[in-house]
Amino acid sequence: MSAPGTVDIRPMTEADLEGVLAIEQASFSHPWRREHFLHELASSHSFPFVAVVEGSVGGYVCLMSLFEEAEILDIAVAPHLRGRGIARALLEHAVAMARGRLAGIMRLEVRVSNRAAIALYERFGFSRSGMRPKYYEGVEDALLMEKLLSTDC
Ligand SMILES: CC(C)(COP(=O)(O)OP(=O)(O)OC[C@H]1O[C@@H](n2cnc3c(N)ncnc32)[C@H](O)[C@@H]1OP(=O)(O)O)[C@@H](O)C(=O)NCCC(=O)NCCS
């Protein structure tokens, strides 16, 4: 168990899925289902991690890394734990993992209305690289963002 206030990042396991799914459902209007996470756990190109806070799953990130490209597929933090740097710790871990696999670029897509996530990514050195009009449910645009991993920030 982690000490009070500390955040441990470790690979996600199937035993984490109850906690992960609770956060996913609290965080997204169209949450991933259990099968999505099982797919990530089984894929050799996927690297899902959880942030453990005081012994419980407090957040998670799903990273895909294949050859020179990496992608953040999903990231969320439990609502009551937001604003404490947990997403930053998860992203730092994902970037370090991708760099270790020699990925040169990390990409993601985010709803244009998701100001907290866009602020997080910009704070983390991601830049806006494009748009996918009406990508979500045929209604909301997706903002495409990317970060070169060869730089230090
Ligand atoms: C986006 C999310 C993952 C951020 O998690 P978090 O643990 O609260 O974020 P952190 O505390 O690590 O914040 C890191 C930086 O992100 C930015 N940020 C995070 N939440 C923010 C908010 N509500 N408003 C503005 N900026 C925000 C800030 O720049 C912050 O840095 P600072 O504290 O030095 O100002 C969280 O709000 C969440 O789970 N949202 C629902 C799921 C989601 O939208 N995921 C992204 C899908 S693309």
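Keep in mind the model is a prediction, meaning the values are calculated, not measured.

**As for the site of the ligand**
- Around the ligand sit 21 residues in total, of which Ile-75, Val-77, Gly-83, Gly-85 and Asn-114 are the nearest.
- Here Gly-83 contributes a backbone N or O atom positioned 2.7 Å from an oxygen atom of the ligand.
- Interatomic distance of 3.5 Å between a backbone N/O atom of Ile-86 and an oxygen atom of the ligand.
- Among the elements of the structure, β4 (69–77), α3 (86–100), β5 (105–111) and α4 (115–123) are those that each provide at least two residues to the shell around the ligand.
- For the shell around the ligand, the leading source of residues is α4, giving six residues.
- The residue inventory of the shell around the ligand, partitioned by class, reads twelve nonpolar, four polar and five charged.

**Some thoughts on the sheet that holds β5**
- Across the sheet, seven strands lie side by side as β1-β2-β3-β4-β5-β7-β6; this open sheet has mixed pairing. Strands at the two margins of the open sheet, each flanked by one partner only, are β1 (7–11) and β6 (127–136). Geometrically, the sheet is characterised by an average inter-axis angle of 25° between neighbouring strands, direction not taken into account.
- Here β6 pairs with strand β7 (residues 140–148) via six bridges, running antiparallel. The residue bridging Ser-127 from the neighbouring strand is Glu-146, located in β7.
- Contacts between helix α1 (residues 17–27) and the sheet are confined to β2 (46–53), β3 (56–66) and β4, with β3 contributing the most and set at about 85° to the helix.

**Remarks on the pairing of β3**
- Most of β3 is tucked away: eight of the eleven residues are buried.
- Here eight bridges tie β2 to β3, and the two strands are oriented antiparallel to one another. Bridged to Ala-51 within β3 is Gly-59.
- Between β2 and β3, which pair antiparallel one after the other, the connecting turn spans two residues, and Glu-54 there sits at a positive phi close to 50°.
- Looking at chain direction, β3 and β4 are connected through eight bridges and run antiparallel.

The rules we used
Residues numbered from 1 in each chain as written. Predicted model: local features only at pLDDT ≥ 70, side-chain atom pairs only at ≥ 80, totals over all residues. Heavy atoms only, no water. Near = heavy atom within 4 Å. Polar contact = N/O pair within 3.5 Å; in protein donor to acceptor, adjacent residues only side chain to side chain. Helix = DSSP H or I, 4+ residues; strand = E, 2+ residues; numbered from the N terminus. Nonpolar A, V, L, I, M, F, W, Y, C, P; charged D, E, K, R; others polar. Pairing = 2+ DSSP bridges. Axes fitted to C-alpha atoms, helices over the stretch in contact; angles between N-to-C directions. Contact = heavy atoms within 4.5 Å. Buried < 20%, exposed > 50% of the residue type's maximum accessible area, 1.4 Å probe, protein only.

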